[in-house]
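Residue-level listing of the chains:
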Amino acid sequence: MPVGLDVDLLRSFVAIAEEKSFTRAAARVGRTQSAISLQMQRLEGVLGQTVIVRGKGGSVELNSEGHYLLGRARELLALNDDIMRSMHATPVHGTVRLGIPAELSARYLPRILNGFSQAAPAVEVEVEVAASCFLTLKLKNAELDLALLREGLEPRQWPAAEIWRSSVKWITSDTHRQHLRDPLPLSIAPADCPWRPSESNECLWHGMVIRALEQAGRGYRVVSTSATTQGMMAAAQAGLAVTNTLADDRLPEGLRIVRADEGLPALPECRYLMLKAREPRQPATDMLAAQVHDVFGGIANLDP
């Protein structure tokens, strides 16, 4: 069996290397100078070679082996300290409430929950999967601790951070040619948002599609409406209409993205935000927010 390295010896060695003095290193680690000297003798005995060179006037330098050891010792000490902090950390308990749009849930929610369960195994996550406008209402009513929303549907004057963005693509059937018809048959979200009766209640997704067609001078007719992506996709699969979805969504069998040269106008980019409740349950909410960032690969500052 290989001989193990004593982290106490490595900690004293790093202190000597950084302080360039046995005296200052001894004060830093809370030992006497003679004890530090004995530790270095033991360390060099375990390693089988010299790593510290004492100069005139009490100066201390590292040789090439010492410089190599210094880098690896810092790595080992950082890992040791991280393990100890994790093992001694107070477990977080309780419940945290997350809202996520339906169009993001299938791909990203399992990854968020899996990572969070490892970071906070004693915390229960209550998940609400719904349209962004409904999640906005739940957030305002203090029924969510953390919400992911489509930009444009967030409450006014509410701290938010962008976590992800995607282009939006037209979707049509593999076997039908509905995307070539004029007027264009559409399967889209309902025109009115039932969860925002006191505000301008046009569905943002619906309005985006209609404006793109009207600006391009393309005729259309709505043949199917659904509040869910699955419902809109079903109409396209049946050959009744074309629809649209986020560019990186996995398409059901029988559907494809409409090519740029097939005559439909480009749709604008879609952005998603992360918002905390006014009084979120902590520290679970911050831990969950950190996991969302890990999944989406973003960096945000949610402070007002």
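Residues numbered from 1 in each chain as written. Predicted model: local features only at pLDDT ≥ 70, side-chain atom pairs only at ≥ 80, totals over all residues. Heavy atoms only, no water.

## A short note on the packing of aromatic side chains
Part 1 of the argument: Counted by the stated rule, this structure contains 4 aromatic pairs.
Part 2 of the argument: Here Tyr 108 and Phe 296 contribute two aromatic rings whose centre-to-centre distance is 4.7 Å and whose plane-to-plane angle is 35°, an arrangement assigned as tilted. With a gap of 188 residues between them, Tyr 108 in helix H5 (residues 102-119) and Phe 296 in helix H9 (residues 284-296) connect regions that are remote in the sequence.
Part 3 of the argument: Under the relative-accessibility criterion, Tyr 108 is labelled buried at 8%.
Part 4 of the argument: With a relative accessible area of 10%, Phe 296 lands in the buried category.
Part 5 of the argument: Consider the rings of Trp 164 and Tyr 272, whose centres lie 5.9 Å apart with planes at 40°: the pair is tilted. (Phe/Tyr/Trp six-rings, centres within 6.5 Å; stacked < 30°, edge-to-face > 60°. Helix = DSSP H or I, 4+ residues; strand = E, 2+ residues; numbered from the N terminus. Buried < 20%, exposed > 50% of the residue type's maximum accessible area, 1.4 Å probe, protein only.)

## Section: the packing of helix H1 (residues 7-19) against helix H2 (residues 22-29)
Part 1 of the argument: Put simply, H1 and H2 touch, their axes get as near as 8 Å, and they point 130° apart. Viewed along their axes, H1 and H2 adopt a mutual orientation that is oblique. The chirality of how H1 crosses H2 is right-handed. Of the residues in H2, those touching H1 at Arg 11, Ser 12, Val 14, Ala 15, Ile 16, Glu 18 and Glu 19 are Phe 22, Arg 24, Ala 25, Arg 28 and Val 29.
Part 2 of the argument: Partitioning the contact of H1 with H2 into residue classes produces 6 nonpolar, 1 polar and 5 charged. (Axes fitted to C-alpha atoms, helices over the stretch in contact; angles between N-to-C directions. Parallel < 35°, antiparallel > 145°, perpendicular 65-115°, else oblique. Left-handed = near helix turned anticlockwise from the far one by under 90°. Contact = heavy atoms within 4.5 Å. Nonpolar A, V, L, I, M, F, W, Y, C, P; charged D, E, K, R; others polar.)

## Focus: the sheet that holds strand S11 (residues 255-257)
Whether parallel or antiparallel, the strands of a sheet pair through hydrogen bonds between backbone atoms.
Part 1 of the argument: Spatially, S10-S7-S11 is the arrangement adopted by the 3 strands of the open sheet, whose pairing is antiparallel. Edge strands, defined here as strands with exactly one partner in the open sheet, are strand S10 (243-246) and S11. Each neighbouring strand pair of the sheet contributes to a mean axis angle of 40°, computed without reference to strand direction.
Part 2 of the argument: One ladder, built from 4 bridges, connects strand S7 (residues 168-173) with S10; its direction is antiparallel. Within the sheet, the bridge partner assigned to Lys 169 lies in S10 and is Thr 245.
Part 3 of the argument: Strands in contact with helix H8 (residues 229-237) are S7, S10 and S11; relative to S10, the strand with the most contacts, it is inclined by about 135°. (Pairing = 2+ DSSP bridges.)

## Details of the environment of Ser 226
Part 1 of the argument: Relative to the helices and strands, Ser 226 resides in the loop between strand S9 (220-225) and H8.
Part 2 of the argument: Its relative accessible area of 15% is what places Ser 226 among the buried residues.
Part 3 of the argument: Between the C-alpha atom of Ser 226 and that of Ile 188, which follows or precedes it by 38 residues, the distance is 6.3 Å.
Part 4 of the argument: Beyond its immediate sequence surroundings of up to four residues, Ser 226 is in contact with Ile 188, Ala 189, Pro 190, Gly 231 and Met 232.

## Overview of the sheet that holds strand S4 (residues 123-130)
Part 1 of the argument: If you walk across this open sheet you meet the 5 strands as S4-S3-S5-S12-S6, and the pairing is mixed. Whereas interior strands pair on both sides, the edge strands pair on one side only; in this sheet they are S4 and strand S6 (161-166). On average, adjacent strands in this sheet sit at an angle of 20° to one another, irrespective of strand direction.
Part 2 of the argument: Across 5 bridges, strand S5 (residues 146-150) lies against strand S12 (residues 270-276) in antiparallel orientation. Opposite Leu 149, over in S12, you have Leu 273 as the bridge partner.

## Focus: the side chain of Gln 291
Part 1 of the argument: Within the element layout of this structure, Gln 291 appears in helix H9.
Part 2 of the argument: Leaving out residues up to four positions away in the same chain, Gln 291 has contacts with Arg 111, Ile 112, Gly 115 and Phe 116.

## Overview of the pairing of strand S8 (residues 184-188)
One face of the sheet, then the other: side chains in a regular strand alternate in exactly this way.
Part 1 of the argument: Counted residue by residue, S8 has 5 buried out of 5 residues, so it is predominantly covered.
Part 2 of the argument: In S8, alternate side chains face the same way, and those of Leu 184, Leu 186 and Ile 188 on one face and Pro 185 and Ser 187 on the other are all buried.
Part 3 of the argument: Pairing of S8 with S9, which is carried by 5 bridges, proceeds in the parallel orientation. Looking at S9, one finds that Ser 187 is bridged to Ser 224.

## A closer look at the environment of Asp 8
Part 1 of the argument: Relative to the assigned elements, Asp 8 resides in helix H1.
Part 2 of the argument: When the C-alpha positions of Asp 8 and Val 29 are compared, they lie 9.3 Å apart, and in sequence the two are 21 residues distant.
Part 3 of the argument: Residues within four places of Asp 8 in sequence aside, it is in contact with Arg 31 and Gln 39.

## Here's the deal with unusual backbone geometry
Part 1 of the argument: In this structure, the amide linkage connecting Asp 182 to the following residue, Pro 183, adopts the cis form with an omega of 5°.
Part 2 of the argument: Tracing the chain through its elements places Pro 183 in the loop between S7 and S8.
Part 3 of the argument: Backbone torsion omega between Gln 282 and Pro 283 reads 5°, so that peptide bond is classified as cis.
Part 4 of the argument: Along the chain, Pro 283 turns up in the loop between S12 and H9.
Part 5 of the argument: Backbone geometry at Lys 20 places phi at a positive 55°, although glycine is not the residue there.
Part 6 of the argument: Positionally, Lys 20 belongs in the loop between H1 and H2.

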